[in-house]
Amino acid sequence: MLGFTTAAFVRPSSFRDPNHPIPQYLPFSPSKSAISAMADREILPSSVRPRHYALAIYDLNFTEFTYKGSVKIDLDVAGPTPIAQIHLNARELTISEAAISLELSKTSAEIKVTEISVDEKAEVVALELSEPLPVEATRVSLTIAFAGMLNNKMAGFYRSKYADASGQEAYMYSTQFEATDARRAFPCFDEPALKATFDFSITVPEEWTALSNMPEVSSKPPEDGKKKGVAGTKLKTVAFATTPIMSTYLLAWACGDFEYIEAFTDRLYNGKKVPVRVYTTKGIVKQGEFALENAYKIVDYFSEIFDIDYVLPKVDLLAVHEFSHGAMENWGLITYRTTALLFDPETSDSKYKNRVAYVVAHELAHQWFGNLVTMEWWSELWLNEGFATWVGWLAIDYLYPDWDVFAVFVSESLQAALNLDSLRQSHAIEVPVKSALDIDQIFDAISYLKGASSIRMISSHIGVKTFLKGVSNYLRQHAYGNATTKDLWDAVGQESGVDVNAIMKDWITKIGFPVVTVIESPAGVTLRQDRFLSSGDATIEENQTSWWIPLGIYTDGGSASAYSGVSSFSSRETILAGLGPDDFYKLNRNQAGVYRVNYPPERLAKLGLAKDMLSITDKVGLIADASAMALAGLGSTTGLLGLLDGLKGEESYVVWSEIVARLSSLRSAMFEQPEEVKSGLAAFTRSLVSPAVKKLGWEFKDGEDYLTAQLRSLLIGSAGAAGDQEVIAEARAQFAKYIAGDKTAIHPNLRRAVFSIVLAQEEGSDQEAALAYEAVLKEVLQPTSVDGKEIALTALGKSKNAELIRRTLSLILSGEVAVQDLHTPAAALAANGTARWELWRYIKSNWTEIYALMSGNMVILDRFVRLSIGRFSSQEAYDDIKAFFADKDTHGYERSVGQALDVVSSFARWVERDAGAVSQWLKERGY
């Protein structure tokens, strides 16, 4: 037997044997046996399965950014025939040695690995055995010695650069494994269904903190006597308790110069309160207090509503300075982008308060839904993300009922889902996933937001309490295992008595969603469902699905189902015999259903006049649906403008947010129209928002509620962007005081609006514009708040000055801005009609460098492309974008390119069809 045990981690030198030569290390092309032949996915052969990993990481070199490791994997042999090769996943690792030890019924033995070959494209390593592995072996262990890079790609085991408390450059080190990057850190069976337990240890500088999923069980000098690192730093080896059985993507570790704050759950778990900690690099941990205040309460809340206690002995939340996503739900060690975990009540925009609370809740929800029970394969990613999104908002609604989060959900999350799903290049919630690059592309609004919206729809239909009871049953039945969508619906159906599988099947497995067209006549109201496309031209082949649609009919007397006899329908058409043109009614009450409604123009006008009878979510839905119908050519843009014109007296932040979003979309689409159209739309926008700004004022009052504060920021920013001279003058005055040294001159909630308004102005000298730009750029390079960099990067993209646009473009490849943040200025430039073409020309001219910079983590490149190219509204742009990418290898971001082209095509048709009518409407009303 080899000298590796689960109790002690031994360096590879201890098992070198002169009679066991280092095996050859060769490239190979995987045979059919190397990768499963399953048509819908690339997975490892099922001949062996991991049961337990003993993983040690050591020899961290902070100059060369390298490390070494060893892993002993206990395997179960599945058979049924003797196994001559073992295949597992690895990427960007050097494997120096491998060996097999096994136990038979009466003896033990060793099988040599004679050859190690790797397929870099498939990310599979093949270990050729000197003799077949007998199926009767009772215990098989595979030991591998390897080396890796502490990369800067925000994937695998990587480094994050930051400025420490003294302003010096420093690094922290952490992992990001979802979806398939555990294989970048250590050789493993990197699939969600191949669960195992893990022992982990890491050797780090003595003064550092090391973290992993489980609590520390020991910290002592390295066993090989190597007490100092490369720079002479004293070392320690920290070992952690064995994890529960879990998927590789949930393993995590981190090390650095950390500090923490701590709280405890109110409830007892196994007789003890669970410690909840927020870790940061030293000097900023106080900004984790708000996250901590929420985290321990949310652990208790989820334990109660799922009726299953949190299972680990601790919860750690770690702020990571460079992070490709928002956060990652590693079991027991949750990692976050700094803006998703840290909040300073003195300097942070309160909008980030909502973000921090929600992201903390979302990731904690995964500790049950995703970690305790994991999707069987990535095609069902929505089981993790859709549910965590919905129940995350449920937790925030519980903690902060005055935030009206589900109204915000309808305005932001539901609309984002419907906007994406209205494209031909969308995908079903449950989508075939073949390779790792396919997986990364479905971390999108369909998996998260349409998934969450579908859960909101079915839970509204059967009742939230009933739904959660079904979820609890599902979690109990599949704890520590893997499950499918059918498993969830079966559990919910058994609890509710509703055939949930039947009514939800098309929502999960079919692309798109329906638009319900309302046809009024004296005989009643006819409803017809068809697939909705933003292009308005669904073919017969694309319009085959008939979804189950909950109608949610609302009348002046409440629910209309009592006399209409119809509460839902799944046929192509249905008739509401009890309703007529003179009755008040609205479909899809509170926008619980995942569909749009196309009302006749007369009904839309009546609903606009009856706005006081509608809930906030119903108003949002009415505006959003009218806008979508205008875009698709199924309604009119002038009808949308008339609807918005009737909402001038609105007071709800959520409704105003929808109004501003839809006006911004229209103004953006018309960016190449004559000046009279653009200035007319700006004037119309001012006619809506400027009176509301005057009513609210600029002052944030003590005790003011959260949504009122958000409304003020929204309206001031919108009025300034539309050219309100009073707002612009005040923004300039506050900005002048701010850059002169009075950092209290601009309220934290208004920095985004004021910075953006000032930089967007074309009046004044180039020198004044440059001074303002440099002042905001300083906020990027030397931020004064945790959210300051993100806010300032957005503002830089608002400039209309040609030289300053080029300056912002130069940031993309300058190295001055972290790669994780490059999408922010790109998105702002894309939203800026003056800069839009300049951005695209820059991308084309510098594509080789951009691809090289971002393609190490395709999530980064995919997001950058998606946010940069989808704002155009002409056939010229469509043709140019399509031609540019025609000869590029777009694997890893091809969905985003296709979706952007769909958007550009739809917007081009919208402008061509309605620009003249919009111009006439504006002229007739004096805009």
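These numbers were taken from a predicted model, which means no experiment stands behind them.

Side note on the sheet that holds strand S15 (residues 253–256)
1) Next: Pairing in this open sheet of 4 strands is antiparallel, and the strands run S9-S10-S15-S12 from one edge to the other. Each end of this open sheet is capped by a strand with a single partner; those strands are strand S9 (156–163) and strand S12 (209–212). Averaged over all neighbouring strand pairs, the angle between strand axes comes to 15 degrees, with direction disregarded.
2) Next: Both S9 and strand S10 (residues 169–176) contribute to a ladder of 8 bridges, which runs antiparallel.

Remarks on helix H8 (residues 485–496)
1) Next: The end-to-end C-alpha distance of H8, which contains 12 residues, comes to 16 Å, matching closely the 16 Å that a straight helix rising 1.5 Å per residue would cover.
2) Next: What H8 keeps buried is the set Thr 485, Leu 488, Trp 489, Ala 491, Val 492 and Gly 493.
3) Next: The inward-facing, buried residues of H8 contact helix H3 (381–399), helix H6 (445–462), helix H7 (464–478) and helix H9 (500–509).

Here's the deal with the environment of Leu 292
1) Next: Residue placement: Leu 292 occurs in helix H1 (residues 289–305).
2) Next: Setting aside its immediate chain neighbours within four residues, Leu 292 contacts Ile 261, Glu 262, Ala 263, Val 276, Arg 277 and Val 278.

Brief notes about the pattern of salt bridges
1) Next: The tally for this structure, following the rule as stated, stands at 50 salt bridges.
2) Next: For the salt bridge of Asp 618 with Lys 586, the shortest nitrogen-to-oxygen distance reads 3.1 Å. Of this pair, Asp 618 sits in helix H12 (residues 616–632) while Lys 586 sits in strand S30 (residues 585–586); the two residues are 32 residues apart in sequence, bridging distant segments of the chain.
3) Next: Judged by its relative accessible area of 1%, Asp 618 falls in the buried class.
4) Next: Exposure remark for Lys 586: the relative accessible area of 2% places this residue in the buried category.
5) Next: Salt-bridge contacts for Arg 841 lead to Glu 838; the nearest nitrogen and oxygen are separated by 2.9 Å. Highlighted residues: Arg 841 and Glu 838, both in helix H23 (residues 836–845), separated by 3 residues, approximately one helical turn.
6) Next: Assessed through its relative accessible area of 39%, Arg 841 is described here as partly exposed.

Details of the confidence of the model for the protein chain
Close inspection of predicted coordinates is inappropriate for parts of the model with low pLDDT.
1) Next: The predicted model of the protein chain has a mean per-residue pLDDT of 91, with 93% of residues at 70 or higher.
2) Next: The low-confidence segment residues 1–34, where pLDDT is below 50, has 88 contacts with residues more than four positions distant or belonging to other chains.
3) Next: When the criterion is pLDDT under 50, residues 559–563 qualifies, and its contacts beyond four places in sequence or with other chains add up to 8 contacts.

Regarding the packing of aromatic side chains
1) Next: One pass over the full model with this rule turns up 55 aromatic pairs.
2) Next: For the pair Phe 443 and Tyr 448, a centre-to-centre distance of 6.4 Å together with 50 degrees between the ring planes defines the contact as tilted.
3) Next: With 4.6 Å between their ring centres and 55 degrees between their planes, Trp 837 and Phe 872 make a pair best called tilted. Here the residue Trp 837 occupies a position in helix H23, and Phe 872 occupies one in the loop between helix H25 (858–869) and helix H26 (875–886), the gap between them amounting to 35 residues.

Notes on the sheet that holds strand S29 (residues 573–576)
Pairing between the strands of a sheet comes from backbone hydrogen bonds, and it takes one of two forms, parallel or antiparallel.
1) Next: Overall, mixed pairing links the 4 strands, which are arranged S29-S24-S23-S31 in an open sheet. With partners counted over all chains shown, the strands left at the sheet margins are S29 and strand S31 (596–598), one partner each. This sheet shows a mean twist of 25 degrees between the axes of neighbouring strands, independent of strand direction.
2) Next: Sheet topology note: the strand S24 (residues 524–531)/S29 ladder contains 4 bridges and is antiparallel. Following the sheet pairing, Arg 528 is matched in S29 by Glu 573.

Concerning the nonpolar core
1) Next: With 317 residues, the main nonpolar core has Phe 186, Ile 202 and Trp 253 as its most contacted residues.
2) Next: Each residue touching Phe 186, except ones within four places of it in the same chain, is listed here: Tyr 53, Leu 55, Asn 89, Leu 93, Phe 146, Phe 177, Phe 198, Leu 251 and Trp 253.

Digging into the environment of Val 865
1) Next: Mapped onto the secondary structure, Val 865 falls in helix H25.
2) Next: Residue classification places Val 865 among the buried residues on the basis of a relative accessible area of 2%.
3) Next: On a C-alpha basis, the gap between Val 865 and Ala 900 in space is 8.8 Å, while along the polypeptide they are 35 residues apart.
4) Next: Residues contacting Val 865, with those up to four places away along its chain left out, are Trp 847, Phe 885, Tyr 893 and Val 897.

Focus: the packing of H23 against helix H24 (residues 847–854)
1) Next: One way to put it is that H23 packs onto H24 with a least axis distance of 5 Å and a crossing angle of 80 degrees. Viewed along their axes, H23 and H24 adopt a mutual orientation that is roughly perpendicular. Two secondary-structure elements touch here, H23 through Tyr 842, Ile 843, Lys 844 and Ser 845 and H24 through Trp 847, Glu 849 and Ile 850.
2) Next: The residue inventory of the contact of H23 with H24, partitioned by class, reads 4 nonpolar, 1 polar and 2 charged.

Considering the pairing of strand S8 (residues 139–149)
1) Next: With 8 of 11 residues buried, S8 is to be regarded as a mostly interior element.
2) Next: In terms of strand pairing, strand S3 (residues 66–77) meets S8 through 10 bridges, oriented antiparallel. By the bridge assignment, Val 71 is partnered in S8 with Ile 144.
3) Next: With 9 bridges connecting them, strand S5 (residues 94–103) and S8 associate as antiparallel partners.

Examining the packing of H3 against H7
1) Next: Across the interface, H3 lies against H7 with an axial gap of 14 Å and an inter-helix angle of 135 degrees. What the angle tells us is that H3 and H7 run oblique. For H3 against H7, the interelement crossing comes out left-handed. Taken together, the residues of H7 that come into contact with H3 (itself represented by Leu 383, Phe 387, Trp 390 and Leu 394) are Val 464, Phe 467, Leu 468, Val 471 and Tyr 474.
2) Next: Tallied by class, residues from the contact of H3 with H7 come to 9 nonpolar, no polar and no charged.

Structural notes on a nonpolar patch on the surface
1) Next: Taken together, the side chains of Ile 245, Val 311 and Tyr 480 define a hydrophobic patch exposed on the protein surface, amounting to about 210 Å² of accessible area.
2) Next: Turning to its location among the elements, Ile 245 is positioned in the loop between strand S14 (235–240) and S15.

A word on H1
1) Next: Across its 17 residues, H1 extends 25 Å between first and last C-alpha, which sits within 8% of the 24 Å expected from 1.5 Å per residue.
2) Next: In terms of burial, H1 is largely enclosed, as 12 of its 17 residues are buried.
3) Next: Inspection of H1 places Phe 290, Ala 291, Leu 292, Asn 294, Ala 295, Tyr 296, Ile 298, Val 299, Asp 300, Tyr 301, Phe 302 and Ser 303 among the buried residues, and these make up the whole buried set.
4) Next: Among the structural elements, strand S16 (258–269), strand S17 (272–281), strand S18 (315–320), helix H2 (351–366) and H3 are those in contact with the buried residues of H1.
5) Next: The positive-phi residue at the C-terminal boundary of H1 is Asp 307, with phi of around 55 degrees.

Conventions we followed
Residues numbered from 1 in each chain as written. Predicted model: local features only at pLDDT ≥ 70, side-chain atom pairs only at ≥ 80, totals over all residues. Heavy atoms only, no water. Pairing = 2+ DSSP bridges. Helix = DSSP H or I, 4+ residues; strand = E, 2+ residues; numbered from the N terminus. Axes fitted to C-alpha atoms, helices over the stretch in contact; angles between N-to-C directions. Expected span 1.5 Å × (residues − 1). Buried < 20%, exposed > 50% of the residue type's maximum accessible area, 1.4 Å probe, protein only. Contact = heavy atoms within 4.5 Å. Salt bridge = Lys/Arg side-chain N within 4 Å of Asp/Glu carboxyl O. pLDDT = per-residue confidence, 0-100. Phe/Tyr/Trp six-rings, centres within 6.5 Å; stacked < 30°, edge-to-face > 60°. Core = buried A, V, L, I, M, F, W, Y, C linked by side-chain atoms within 4.5 Å. Parallel < 35°, antiparallel > 145°, perpendicular 65-115°, else oblique. Nonpolar A, V, L, I, M, F, W, Y, C, P; charged D, E, K, R; others polar. Left-handed = near helix turned anticlockwise from the far one by under 90°. Patch = residues over 30% accessible without salt bridge, like charges linked within 9 Å, V, L, I, M, F, W, Y side chains within 5 Å. Areas by Shrake-Rupley, 256 points an atom, 1.4 Å probe, with all protein chains shown as cover.

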